[in-house]
Amino acid sequence: DVMKESATLAFEYLKANANDFGIDQELLENSNLHIHVPEGATPKDGPSAGITMFIAMLSAFTKRKVNNHVAMTGEITLRGSVTPVGGIKEKILAAKRAGITDILLCEDNRRDIEDIDAHYLEGLTFHYINEMREAIPLALL
């Protein structure tokens, strides 16, 4: 249910700001969007993918590719804010293993990065954001 809520928030924000993003309102009205988040073996119990879902939807509707060296995490609000999430250290380690070089996080998660040993952070650049719009130039090509 939390994942559904994140997807709904991302899509509603996208629709409300479609003109700002260069998306034809008619395209939104006449398109179907299905996000499948199976309940498989990997538990997904938090809203951490909100910003990622927004960027994926924006990418689909604008036909702009997502930078494959960027990872992001953050809960979102209907007004476009990005809020902090947990499990930052684990997410960073997974991103690093996947070859990610840039990570987008909520500004409020900066303190979590400061608590991680420096050698885990080598080769990573962190971008701290407060609003979903701030993720666009960092995540989309």
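Here, residues in each chain are numbered from 1, in the same order as that chain's written sequence. At least 70 in pLDDT is required for a residue's local features to be given in this predicted model, at least 80 for side-chain atom pairs to be given and counted, and no such filter applies to totals for whole chains, interfaces and linings, which use all residues. The side-chain figures draw on all heavy atoms in the structure; neither hydrogens nor water molecules are used.

### Focus on the overall build of the protein
Elements are defined by DSSP. Helices are runs of H or I of four residues or more, strands are runs of E of two residues or more, and each kind is numbered from the N terminus. Scanning the protein from terminus to terminus reveals seven helices and five strands. Scanning the protein from its N terminus toward the C terminus, one meets helices and strands in the order α-α-α-β-β-β-α-β-α-α-β-α. Relative to the 2.2 N^0.38 estimate, which gives 14 Å for 141 residues, the radius of gyration of the protein is 15 Å and therefore close to what a compact globule would have. Summarising its shape, the C-alpha atoms of the protein cover approximately 50 × 30 × 25 Å along the three principal directions. Throughout, a residue-residue contact means that at least one pair of heavy atoms, one from each residue, lies within 4.5 Å. Taking the intrachain contacts of the protein between residues at least 6 apart in sequence as the baseline, contacts between residues at least 24 apart amount to 68%. Computed with a 1.4 Å probe, the accessible areas rest on the Shrake-Rupley method; for each residue, only the protein chains presented here act as cover. When the accessible surface of the protein is totalled, it reaches about 8300 Å², and 50% of it is carbon and sulfur. His residues and chain termini do not enter the charge count, which takes Lys and Arg as positive and Asp and Glu as negative. Charge positions come from single atoms, namely NZ of Lys, CZ of Arg, CG of Asp or CD of Glu. On the protein, the mean spot of the 14 positive side-chain charges and the mean spot of the 21 negative ones are 5 Å from each other. Our radius of gyration is a C-alpha quantity, and the globule rule it is checked against amounts to 2.2 Å times the number of residues to the power 0.38.

### Overview of the side chain of Ser-59
Here Ser-59 lies in helix 3 (residues 50-62). With near-sequence residues (within four places) excluded, Ser-59 lies in contact with Arg-64, Lys-65, Val-66 and Leu-140.

### Re the packing of aromatic side chains
Here is the rule: rings of Phe, Tyr and Trp (six-membered ring for Trp) pair when centre to centre is within 6.5 Å. Planes less than 30 degrees apart are stacked, more than 60 are edge-to-face, and the remainder are tilted. All chains considered together, the criterion is met by five aromatic pairs. Centroid distance Phe-126 to Tyr-128: 6.4 Å. Interplanar angle 20 degrees. Geometry classified as stacked. Per-residue accessibility, obtained with a 1.4 Å probe over protein chains only, is compared with the maximum for each type, and a residue is labelled buried under 20%, exposed over 50%, and partly exposed between these values. For Phe-126, a relative accessible area of 16% gives the class buried. Through pairs of rings, three or more aromatic residues link up here, namely Tyr-13, Phe-21 and Phe-54.

### Some details on the sheet that holds strand 4 (residues 102-106)
Two strands qualify as a pair provided DSSP detects at least 2 bridges between them. Spatially, 1-4-5 is the arrangement adopted by the three strands of the open sheet, whose pairing is parallel. The open sheet terminates on both sides in strands that have one partner only, identified here as strand 1 (70-72) and strand 5 (125-129). Neighbour to neighbour, the strand axes of the sheet diverge by 25 degrees on average, direction disregarded. Lines fitted to the C-alpha atoms define the axes, with helices restricted to the stretch that makes contact. Angles between their N-to-C directions range from 0 to 180 degrees.

### A closer look at helix 4 (residues 88-97)
Since there are 3.6 residues in each turn of an α-helix, residues three or four apart along the chain are aligned in direction. Looking at helix 4, one finds that the buried residues are Ile-88, Ile-92 and Ala-95. Seen from one end, helix 4 has its buried residues packed into an arc of 65 degrees, which puts them on one side. Helix 4 presents Glu-90 and Arg-97 as exposed residues on the side facing more than 90 degrees away from its buried surface. Buried-residue contacts for helix 4 involve strand 1, strand 4, helix 5 (110-114), helix 6 (118-121) and strand 5. One or two residues past the end of helix 4 sits Gly-99, with phi positive at roughly 85 degrees. In this description, one arc is meant: the one made by directions from the helix axis to the C-beta atoms.

### Re a nonpolar patch on the surface
Note on patches: the residues involved have over 30% relative accessible area and no salt bridge, like charges join within 9 Å, and the nonpolar side chains Val, Leu, Ile, Met, Phe, Trp and Tyr join within 5 Å. Definition used for salt bridges: Asp or Glu carboxyl oxygen within 4 Å of a side-chain nitrogen of Lys or Arg. Side chains of Leu-33, Ile-35 and Val-37 sit close together on the surface and give an oily, nonpolar patch of about 200 Å² of accessible area. Structurally, Leu-33 is set in the loop between helix 2 (25-29) and helix 3. Given the relative accessible area of 36%, Leu-33 is considered partly exposed.

By themselves, these observations are geometric and do not establish any function.
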